[in-house]
Amino acid sequence: MLAGLLFVAACNNQSENKTEPQDSTVVAADTANADTMEVTEVTFATLTDSAALALSGKVVKIKGTVDHVCKHGGKRMVVVGTNPDERIRVEAGDHPPFDADLSGADVEVTGTLHTEKIDSTYLADWENELKQKAEEGVQETGKKHIEGAHVEGEEHEGDHEDAENIEQQLQQIQKLRQMIANNGKGYIVSKYMELIEYRKIN
């Protein structure tokens, strides 16, 4: 469930600017090093929380099916494994937006893995910040962007510098607390990939 929670899509309506064909490979910005970098091939089954933490900051390659592409900007997509609860967010960064037609396609994605360990202290700090902002009359905050606190089936879209309503984020904190209580580890791991390249494989 973690990867199905808090997909805050930073979506600007940029689809008319897309020039990259949907079946192309997006080449790394640093093409001189793209072929020589060390890449660890992983699967959704092997990319456990502990494995992801160990690989954080390293380049990984994973295969899956595109479940979702950000509707208004195409700068993010979600790739899932055989189990739809096994998923990871992929950020296009400086690359061209992902084509909306990628939804449903099988892809191989190479990128830098990023993780964040979320525990009770993390959530308490986040909650205190939100409550302070609420007292100050601030209704939105750009503080958090966690792959893991978005309820499956919902989609939160807005400008990249905007964020969710404070009340929504407080509700997400409670969901995350419940997940931590249920998994017996005392924490959950948010993970996403910063794109280097991808290709369609079907």
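As the structure is a prediction and not an experimental result, all values here were calculated from the model.

Peer 1: How would you explain helix α4 (residues 166-183) if you had to name every residue and give the values?
Peer 2: Side chains three or four residues apart in an α-helix point the same way, a direct result of the helix having 3.6 residues per turn. In this model, α4 (18 residues) spans 26 Å end to end at C-alpha, consistent with the 26 Å of a helix rising 1.5 Å per residue. Within the span of α4, buried status applies to Ile166, Gln169, Leu170, Gln172, Ile173, Leu176, Met179 and Ile180. The N-terminus of α4 is capped by asparagine 165, whose side-chain oxygen sits 2.8 Å from the backbone nitrogen of glutamate 167. In the stretch just after α4, glycine 184 is the one whose phi turns positive, near 75°.

Peer 1: Explain the environment of glutamate 116 to me, and be specific about the residues and the numbers.
Peer 2: With respect to the helices and strands, glutamate 116 occurs in strand β6 (residues 106-119). Classification of glutamate 116 by relative accessible area gives partly exposed; the value is 35%. Along the backbone, glutamate 116 and serine 56 are 60 residues apart, and their C-alpha atoms lie at a distance of 8.8 Å. Excluding residues that lie within four positions of it along the chain, glutamate 116 makes contacts with Tyr122, Ile188, Val189 and Ser190.

Peer 1: Describe the pairing of strand β8 (residues 187-200), and please don't skip the residues or the numbers.
Peer 2: Note: strand β5 (residues 87-91) against β8, three bridges, orientation parallel. Bridge pairing in β8 links glutamate 91 to glutamate 194. Pairing between β6 and β8: 13 bridges, direction antiparallel. For threonine 115, the partnering residue across the bridge sits in β8 and is lysine 191.

Peer 1: For the nonpolar core, give the residues involved together with the corresponding values.
Peer 2: Met77, Phe98, Leu102 and Val109 are the most contacted members of the largest nonpolar core, which has 23 residues in total. Counting residues per element, the ones that place at least two in this core are α2 (49-55), β3 (59-69), β4 (76-80), β5, β6 and β8. Sorting elements by how many residues they give to this core places β3 first, with four residues. Valine 109 has contacts with Val60, Lys61, Ile62, Met77, Val79, Val90, Met193, Leu195, Glu197 and Tyr198, leaving out every residue within four places of it along the chain. Grouped together as the second largest cluster of nonpolar side chains are 12 residues, Leu123, Ile166, Leu176 and Met179 included.

Peer 1: Can you lay out the pattern of salt bridges for me, pointing to particular residues and giving the numbers?
Peer 2: Counted under the stated rule, the structure contains nine salt bridges. Of the charged contacts, one joins arginine 177 and glutamate 127 as a salt bridge, the two residues approaching to 3.0 Å between their closest N and O atoms. Within this pair, whereas arginine 177 is found in helix α4, its partner glutamate 127 is found in helix α3 (residues 120-135), the two being separated by 50 residues in sequence. Overall, arginine 177 belongs to the partly exposed group, its relative accessible area being 27%. With relative accessibility at 14%, the residue glutamate 127 sits in the buried group. Ionic contacts of the salt-bridge type, sharing partners, join the residues Asp49, Lys185 and Lys191 into one network.

The rules behind the values
- Residues numbered from 1 in each chain as written.
- Predicted model: local features only at pLDDT ≥ 70, side-chain atom pairs only at ≥ 80, totals over all residues.
- Heavy atoms only, no water.
- Helix = DSSP H or I, 4+ residues; strand = E, 2+ residues; numbered from the N terminus.
- Expected span 1.5 Å × (residues − 1).
- Buried < 20%, exposed > 50% of the residue type's maximum accessible area, 1.4 Å probe, protein only.
- Polar contact = N/O pair within 3.5 Å; in protein donor to acceptor, adjacent residues only side chain to side chain.
- Contact = heavy atoms within 4.5 Å.
- Pairing = 2+ DSSP bridges.
- Core = buried A, V, L, I, M, F, W, Y, C linked by side-chain atoms within 4.5 Å.
- Salt bridge = Lys/Arg side-chain N within 4 Å of Asp/Glu carboxyl O.

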